[in-house]
Amino acid sequence: MHYWNGLLCGILTSATFGTIPLFTLPLMRGGMQLPTILFYRFALSALLLGVAVALTRKTFRISGKECGTLGYLSLLYIGSALFLFWSYDYLASGIATTIIFLYPVFVAVLMAVFFKEKLSVFVYVAIGMSLVGVALLSGAGSAGGIQATGVVLGVLSALSYGVYIIGVNKSCVQNMCAWKLTFYVFLFSAVLFGLAALCKGGIQPAHGWNAHFHLLMLALVPTVISNLSLVYAIKNIGSTLSAVLGACEPLTAMIIGVSVFKEPFTHSVACGLVLIITAVTLIILSPMLTKGYRKGKFLYITKVRKIHPHIVPYH
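To keep things clear, this report deals only with the structure shown in the data block. (Residues numbered from 1 in each chain as written. Predicted model: local features only at pLDDT ≥ 70, side-chain atom pairs only at ≥ 80, totals over all residues. Heavy atoms only, no water.)

Topic: the packing of helix H3 (residues 34-55) against helix H4 (residues 64-87)
Axis angle and axis distance: for two packed helices, these are the angle between their axes and the distance between the axes, and together they describe the pair.
No. 1: Between H3 and H4, whose axes approach to 11 Å, the crossing angle comes to 130°. Here H3 lies oblique to H4, going by the angle between them. Between H3 and H4 lies a crossing whose hand is right-handed. Residues Leu 34, Ile 37, Leu 38, Arg 41 and Phe 42 of H3 pack against Tyr 77, Ala 81, Leu 82, Phe 85 and Trp 86 of H4.
No. 2: Partitioned by chemical class, the residues of the contact of H3 with H4 number 9 nonpolar, no polar and 1 charged. (Axes fitted to C-alpha atoms, helices over the stretch in contact; angles between N-to-C directions. Helix = DSSP H or I, 4+ residues; strand = E, 2+ residues; numbered from the N terminus. Parallel < 35°, antiparallel > 145°, perpendicular 65-115°, else oblique. Left-handed = near helix turned anticlockwise from the far one by under 90°. Contact = heavy atoms within 4.5 Å. Nonpolar A, V, L, I, M, F, W, Y, C, P; charged D, E, K, R; others polar.)

Looking at the packing of aromatic side chains
No. 1: Scanning all chains against the criterion turns up 14 aromatic pairs.
No. 2: Where Tyr 103 meets Tyr 161, the ring centres are 5.0 Å apart and the plane angle is 90°; that geometry is what we call edge-to-face. With Tyr 103 in helix H6 (residues 103-115) and Tyr 161 in helix H8 (residues 145-169), the pair connects residues that are 58 residues apart, well separated along the chain. As far as burial versus exposure is concerned, Tyr 103 and Tyr 161 are alike and both buried.
No. 3: Linked through ring pairs, Phe 42, Tyr 77, Tyr 103, Tyr 161, Tyr 164, Phe 186 and Phe 193 together constitute an aromatic cluster.
No. 4: The residue whose ring lies beneath Lys 170 is Phe 115, and the NZ or CZ to ring-centre distance is 4.7 Å. (Phe/Tyr/Trp six-rings, centres within 6.5 Å; stacked < 30°, edge-to-face > 60°. Buried < 20%, exposed > 50% of the residue type's maximum accessible area, 1.4 Å probe, protein only. Lys NZ or Arg CZ within 6 Å of the ring centre and 35° of its normal.)

Observations concerning a nonpolar patch on the surface
No. 1: On the surface, a nonpolar cluster with roughly 680 Å² of combined accessible area is contributed by Tyr 72, Leu 75, Leu 187, Val 191, Leu 192, Leu 195, Leu 198 and Ile 203.
No. 2: Elements that contribute at least two residues to the nonpolar patch include exactly H4 and helix H9 (178-199).
No. 3: Counting residues per element, the nonpolar patch draws most heavily on H9, which supplies 5 residues.
No. 4: In this fold, Tyr 72 is placed in helix H4. (Patch = residues over 30% accessible without salt bridge, like charges linked within 9 Å, V, L, I, M, F, W, Y side chains within 5 Å. Areas by Shrake-Rupley, 256 points an atom, 1.4 Å probe, with all protein chains shown as cover. Salt bridge = Lys/Arg side-chain N within 4 Å of Asp/Glu carboxyl O.)

So, the nonpolar core
No. 1: Core analysis: the biggest nonpolar cluster contains 84 residues, and Phe 42, Leu 70, Phe 85, Tyr 88, Tyr 164 and Leu 181 have the highest contact counts within it.
No. 2: Top element by residues in this core is helix H12 (residues 267-295). It accounts for 12 residues.
No. 3: Setting aside residues up to four positions removed in sequence, Phe 42 forms contacts with Tyr 77, Ala 81, Phe 186, Ser 189, Ala 190 and Phe 193.
No. 4: Counting residues in each nonpolar core, the second largest holds 5 residues, with Leu 7, Ala 233, Ile 237 and Leu 245 among its members. (Core = buried A, V, L, I, M, F, W, Y, C linked by side-chain atoms within 4.5 Å.)

A few points about the side chain of Asn 169
No. 1: If you trace the backbone, Asn 169 turns up in helix H8.
No. 2: For Asn 169, a relative accessible area of 11% gives the class buried.

Topic: the side chain of Ser 120
No. 1: Tracing the chain through its elements places Ser 120 in the loop between H6 and helix H7 (121-138).
No. 2: If we skip the residues at most four places from it in the chain, Ser 120 touches Ser 286 and Thr 290.

So, in structure tokens, the structure goes:
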């Protein structure tokens, strides 16, 4: 029963993250600026997650060193969120979210470049597949600089989150409780986006029940629910399977984009989506595949080496 509940939570985690465009695009089209949207998202998320931490009677105490580390990690998280939302101005939301799903590829490459981690042949194959997938998505829709700008923003978002993951694993907060770590990242992000909004004329008020609904759902569904269900999934089915189930993220976003926002779904988009999902799944499973290849059989492992178990997939 715990295993099946874990599977359901893993699917719920990735599916809920894929709803970001569903609650974000109506706010952007209603005239709300990005700093204000992201301030509300992270402020409400920090409040809801803080209540969850308090109910579990976990301590909020952090050291000065941890505070500084969480501060720069928040900057990376902010960059990832901001680049993602900017990419919505240039790309279909499903395509943008699919490109964000490349972050495990960046983690693997950066770990090899800066920490001398050896890459297996499966990782090299996955990197090649991901590049072809992005190229196919880049050719979808309109051509020219506007499309290229969106792709670059999407890649920067994935890169920022990849660096964020490595920062968590190589810093003093590596063993911090996942809920507390995420609470402080959300809190610091809310403060910084609040300051950014004030510099651009102030935090815009939410007018009407429609705006209030979308802001609350943006904070609750793809942020708090995604994170809490992820923790439960990891505890019951392990990080590897939880990460593989993250393939539902771009699928959910693509389905929402096509069905709700009438975004085009071409053969190029379909092929790019399949290639990127396959490449990322191959990256995640590469330790298991490498061991299976060396020993002549497949071995089940519960954690992806060098990736923090509390922050996979993207949230």
